[in-house]
Amino acid sequence: MAVGSLLVWSLLVIATASAAGVYERPSYILPCRRADPEINKCIRNSLNFVKPYVARGLPELKTPPLEPLRIEELAMENNAGAVRIKALFTDIVAQGAGNYTIKEVRSDLKKLRIDMSIAIPRVETRGKYEVIGNVLLLPVRSNGEFWTEFSDITAIAKIYGKAVERDGESFMGIEKINVDFTMKNARFKVKDHVNTQNVLGEAINQFLNQNANELIQEMRPAASQSIGKLFRKFLNDAFTNLPTRLWLLDD
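Here the residue numbering is sequential within each chain, running from 1 through the sequence in written order. Per-residue local features are limited, in this predicted model, to residues with pLDDT of at least 70; the limit for side-chain atom pairs, both in listing and counting, is 80 or more; totals at the level of whole chains, interfaces and linings are taken over all residues. Note that water and hydrogens are dropped before the side-chain values are worked out from all heavy atoms of the structure.

Per an unreviewed UniProt entry, the recorded name for the protein is Protein takeout, and the organism is Anopheles merus. UniProt positions are given in the numbering used here, feature names are shortened, and annotations may be inferred rather than shown by experiment. Within the UniProt record for the protein, the comment given under Sequence similarities (unreviewed entry) is "Belongs to the TO family."

Participant: What is the right way to look at the overall build of the protein in this model?
Facilitator: Along the protein, the regular secondary structure elements total five helices and eight strands. Runs of H or I in DSSP of at least four residues are treated as helices and runs of E of at least two as strands, each being numbered from the N terminus. Of the regular secondary structure in the protein, the N- to C-terminal order runs α-β-α-α-β-β-β-β-β-β-α-α-β. The contact rule is simple, with two residues in contact once any of their heavy atoms fall within 4.5 Å. Contacts in the protein between residues at least 24 apart in sequence constitute 69% of all its contacts with a sequence separation of at least 6. Summed over its atoms, the accessible surface of the protein is roughly 13600 Å², and 52% of this surface lies on carbon and sulfur atoms. Here the Shrake-Rupley method, with its probe set to 1.4 Å, supplies the accessible areas, and only the displayed protein chains count as covering residues.

Participant: Explain the pattern of salt bridges to me, please; I cannot follow it from the model alone.
Facilitator: Side-chain pairs of opposite charge can arise whenever the charged atoms involved come near each other. Salt bridges are counted wherever a side-chain nitrogen of Lys or Arg sits within 4 Å of a carboxyl oxygen of Asp or Glu. Under the definition given, this model contains nine salt bridges. In this structure, D91 engages K128 in a salt bridge whose closest nitrogen and oxygen atoms are separated by 3.5 Å. Of the two residues, D91 is situated in strand 3 (residues 83-95) and K128 in strand 5 (residues 113-135); the sequence distance between them amounts to 37 residues. By relative accessible area, which is 45% here, K128 ends up partly exposed. A single network of salt bridges, built from pairs that share partners, joins R122, E124, E149 and R187. Buried means the residue's accessible area, taken with a 1.4 Å probe over protein chains only, is under 20% of the maximum for its type, while exposed means over 50%, and partly exposed covers the values in between.

Participant: Would you take a moment to explain the packing of aromatic side chains for this structure?
Facilitator: Two rings belonging to Phe, Tyr or Trp (six-membered ring only in the last case) form a pair when the distance between their centres is within 6.5 Å. Interplanar angles under 30 degrees mark stacking, angles over 60 mark edge-to-face geometry, and anything in between is tilted. Under the criterion given, the structure shown has three aromatic pairs. On the basis of an interplanar angle of 35° and a centroid distance of 6.2 Å, the ring pair of F49 and Y53 is categorised as tilted. The partly exposed category is assigned to F49, whose relative accessible area is 37%. For Y53, a relative accessible area of 26% puts it in the partly exposed group.

Participant: Teacher, can you tell me more about the nonpolar core here?
Facilitator: Soluble globular proteins tend to bury their nonpolar side chains together. Nonpolar core, defined: a set of buried Ala, Val, Leu, Ile, Met, Phe, Trp, Tyr and Cys residues in which side-chain atoms within 4.5 Å join the residues together. Of all hydrophobic cores here, the largest spans 63 residues; its most connected members are M76, Y100 and M116. Only helix 2 (39-49), strand 2 (69-78), strand 3, strand 4 (101-108), strand 5, strand 6 (138-166), strand 7 (169-192) and helix 5 (212-239) provide two or more residues apiece to this core.

Participant: Honestly, the environment of D152 in this entry has me stumped. Any pointers?
Facilitator: Here D152 shows up in strand 6. The class for D152 is partly exposed, based on a relative accessible area of 39%. Along the chain, D152 and R122 lie 30 residues apart, while their C-alpha atoms are 6.2 Å from each other. Sequence-distant contacts of D152, defined by excluding residues within four places in its chain, comprise I120, P121, T182, M183, K184 and N185.

Participant: Is there a simple way to explain the environment of F239 in this structure?
Facilitator: Position of F239 relative to the elements: it lies in helix 5. Distance from F239 to I174, taken between C-alpha atoms, is 7.5 Å for residues 65 residues apart in sequence.

Participant: I keep staring at the pairing of strand 4 and nothing clicks. Help me out?
Facilitator: Strand pairing requires that DSSP identify at least two bridges connecting the strands. The sheet contact formed by strand 4 and strand 5 spans seven bridges and is antiparallel. The partner of R106 across the bridge, within strand 5, is D115. Counting the residues between successive antiparallel strands, the hairpin from strand 4 to strand 5 contains four residues, one of them, L112, with a positive phi of roughly 55°.

Participant: Help me understand helix 2 in this model?
Facilitator: Residues spaced three or four apart along an α-helix point in a common direction, a consequence of the helix completing one turn every 3.6 residues. Of the positions making up helix 2, those classed as buried are I39, C42, I43, S46 and L47. Buried residues in helix 2, looked at end-on, bunch into an arc of 130°, giving them a common side. Read the arc as the range of directions from the helix axis to the C-beta atoms.

This is how it looks when you write it as structure tokens:
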């Protein structure tokens, strides 16, 4: 969840528009030149440079702070393997995504393709959940509150853009985003409002933490797909309202 949110903030940094509709480049945006033989390095440096600004939020872009990051709703469904569930997470609050580092960028700006590798030391999330399905052939139905901690996260984001012409300006629309991620450690805690017995609640938490890596592997494709779908809209709204010329110079 936080990984997909970080992707949104990383790409939003390249543009801004005033309330009057006159586009201006603020001081925290470092534009790159198409002809730069090290343009990938330029994009990487620009995204890392803006980190303290996006952590506080950018009111002129009508974007809330990254620390903490709040997500109203995230749904995912996994229909393969040992974990077959439908899950809905709401009122999510994530902390730690603002401490990201863009490690590598690969771009093909003629095709409007941008791929990046992102490292995050630690992300903590909390919120509410509803889950129904089967885990290891056992039926599961639960709702309540959750807390998670993920550490040593590496994410790969692949952005596929398209050219959009409007009002005499050129923009970059977002056709799709593919996200994948790995992490070294994970911890979970849930407060189950359905199975309220203390013994059963402790058993659920023990199971989650003892099988954390396996559960993440099972749910990773569904989580990646949900994150990509969720943030494609946000990115598309942002980039189709900013001229490409603001963040990508032709001369």
